Amino acid sequence: MVRMRISTTFALTCALGALGALAACQKSPPAEVPAPPSATPSVAPSAPETAPAPSSLGATLFYAQQQTIDPPPELAAFVPPTLGAKVVERQRGRGMVRLRLAPAERRASLVLLTLAPQDTIGRTIADHLATLGFAPVAGTPGQFVHPSGDRLSVALTADPVAPNRVELTLEGAEAPAIPAPPTLAPEIAPDPTKLSILGFEEGLLHATVGGARDTDVGRTAYILRANTPAERAAALTAWTQALEKAGFRGRAGRPDLWERTETREVLVIRPTDAPSGDVLVSHQRRWRR
């Protein structure tokens, strides 16, 4: 996903729009060579460790405005209970990474806002990760590895006039079985008896900004497969008919894009480049709390 700074009204508004993009920049996977735990594991900040904690009235007021959202289940235990912080973004994927099929892979991330000083953030997170069995990767600050092979990256972004931002990203492998995926509303969901889900990604960005029309952008993406090309064509025809009945309309010049303006939803349905003819689906909804 597009990396977002949550420091000004303009940046937040741009970030809310960016979440719905069907292609997003991602960071390269961290190194996988573990090192023995050190006595003082570190988290790499994007500014010197001596940078002061955000103490401006604006940062305090901005933080007070924000609501917290639930983290992805995979990262619920990774938020240190002693660090005063709010979750404002979450992402997760299974069998699908960066909108491409990735069997047996998983990825999850979250973004925290906190008024704690950077040195406190780094120390608290590193200590907490140690209790979960994660050790720092030698020579790569901000990267941690677990004996299971899971990799975790921690990125700190400081802003003197906004809350500090902390991004946690967990990547790893798992058995090919896909757990229960997120679902779309019944009237617009694909027929599960005709199109099976091979992988999914989902995310939610939340931010309270004065004067903004939206506070939340949610997205769900699937990669679907039918048994045969004929079954796929029939299933997609029935699906598009259901979308029309539910109030979705195709956008002129974009046969793959459907919109339901009254609910601020966009649904993209298009074939992938896979020889099997899999179908990529991305659903986005905006709303205000």
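Position numbers for residues count from 1 along each chain, tracking the sequence in the order it is written. Selection of residues for local features in this predicted model requires a pLDDT of at least 70, selection of side-chain atom pairs for listing and counting requires 80 or more, and totals for whole chains, interfaces and linings are taken over all residues. Where side-chain values are given, they derive from all heavy atoms of the structure, hydrogens and water being excluded.

### Topic: the nonpolar core
- Only buried residues count toward a nonpolar core. Its members are Ala, Val, Leu, Ile, Met, Phe, Trp, Tyr and Cys residues joined through side-chain atoms within 4.5 Å. Burial here depends on accessible area, computed with a 1.4 Å probe over protein chains only, as a share of the maximum for the residue type. Under 20% is buried, over 50% is exposed, and the range in between is partly exposed. Among the nonpolar cores identified, the biggest contains 23 residues, and Phe78, Leu129, Leu152, Val154 and Val166 are the most heavily contacted of them.
- Only strand S2 (100-114), helix H3 (118-131), strand S5 (151-157) and strand S6 (164-173) provide two or more residues apiece to this core.
- Residue contributions to this core peak at four residues, all from H3.
- Contacts were defined at the residue level, with two residues in contact if any of their heavy atoms lie within 4.5 Å. The residues contacting Val166, other than those within four sequence positions of it, are Leu110, Val111, Leu112, Thr114, Ile121, Ile125, Val154, Ala155 and Leu156.
- In this structure, Leu184, Phe200, Ala226 and Val281 belong to the second largest nonpolar core, which totals 17 residues. Comment: elements are numbered from the N terminus, with helices defined as DSSP H or I runs of at least four residues and strands as E runs of at least two.

### Side note on helix H4 (residues 229-245)
- Between the first and last residue of a helix there are one fewer steps than residues, each counted as 1.5 Å, and that sum is the expected span. Compared with the 24 Å implied by 1.5 Å per residue over 17 residues, the 24 Å span of H4 between its first and last C-alpha is a close match.
- Within H4, the full set of buried residues consists of Arg232, Ala235, Trp239 and Leu243. Across the axial projection of H4, the buried residues extend over an arc of 80°, all falling on one side. In H4, those exposed residues whose orientation departs by more than 90 degrees from the buried face are Ala230, Gln241 and Lys245. Taking the helix axis as origin, the arc is that swept by the directions to the C-beta atoms.

### Section: the pairing of S6
- Counting buried residues along S6, nine of its 10 residues qualify, which places the element largely inside the surrounding structure.
- When DSSP finds two or more bridges between a pair of strands, those strands are recorded as paired. Pairing of S2 with S6, which is carried by 10 bridges, proceeds in the antiparallel orientation. Across the sheet, residue Ala108 finds its bridge partner in S6, namely Leu170.
- Relative to S6, S5 runs antiparallel, the two being bridged by seven bridges. From the neighbouring strand, Leu152 faces S6, where its bridge partner is Leu170.
- The antiparallel pairing of S5 with S6 creates a hairpin that spans six residues between the two strands.

### Describing the sheet that holds strand S1 (residues 86-97)
- The antiparallel open sheet is built from 12 strands, whose spatial order is S3-S4-S5-S6-S2-S1-S7-S8-S12-S11-S10-S9. Looking at strand neighbours, the two that pair on one side only are strand S3 (135-136) and strand S9 (249-251), the edges of this open sheet.
- In this sheet, strand S8 (residues 216-225) lies alongside strand S7 (residues 196-206) in antiparallel orientation, the contact comprising 10 bridges. By the bridge assignment, Leu204 is partnered in S8 with Gly218.
- Every axis corresponds to a line fitted to the C-alpha atoms, with the helix fit spanning only the stretch in contact, and the corresponding angles, defined between N-to-C directions, vary from 0 to 180 degrees. Against the sheet, H4 contacts S8, S9, strand S10 (254-260), strand S11 (265-271) and strand S12 (279-287), and its axis sits at roughly 165° relative to S11.

### A few points about the confidence of the model for the protein chain
- Every residue gets a pLDDT, meaning the predictor's confidence in that residue, from 0 to 100. Looking at the protein chain as a whole, the pLDDT averages 81, with 79% of positions reaching at least 70.
- For the protein chain, helix H1 (residues 9-18) is the element with the lowest average pLDDT, namely 39, and strand S4 (residues 143-145) is the one with the highest, namely 97.
- Low pLDDT, under 50, characterises residues 1-54; the stretch is placed with 132 contacts to residues that sit more than four places away or in other chains.

### Details of the pattern of salt bridges
- Within this document, salt bridges are pairs made up of a side-chain nitrogen of Lys or Arg and a carboxyl oxygen of Asp or Glu, the two lying within 4 Å of each other. For the structure shown, the criterion picks out 13 salt bridges.
- A salt bridge links Arg92 to Glu74; its shortest N-O distance comes to 3.1 Å. Taken together, the residues span a long stretch of sequence, with Arg92 in strand S1 and Glu74 in the loop between helix H2 (57-65) and S1 at a distance of 18 residues.
- The exposure class assigned to Arg92 is buried, which follows from its relative accessible area of 15%.
- Overall, Glu74 belongs to the buried group, its relative accessible area being 15%.
- Salt-bridge contacts for Arg260 lead to Glu187; the nearest nitrogen and oxygen are separated by 3.4 Å. Residue Arg260 is found in strand S10, and its partner Glu187 is found in the loop between S6 and S7; the two are separated by 73 residues along the sequence.
- Residue class for Glu187 comes out partly exposed when judged on its relative accessible area of 38%.
- A single network of salt bridges, built from pairs that share partners, joins Glu74, Arg92, Arg94, Glu174 and Glu202.

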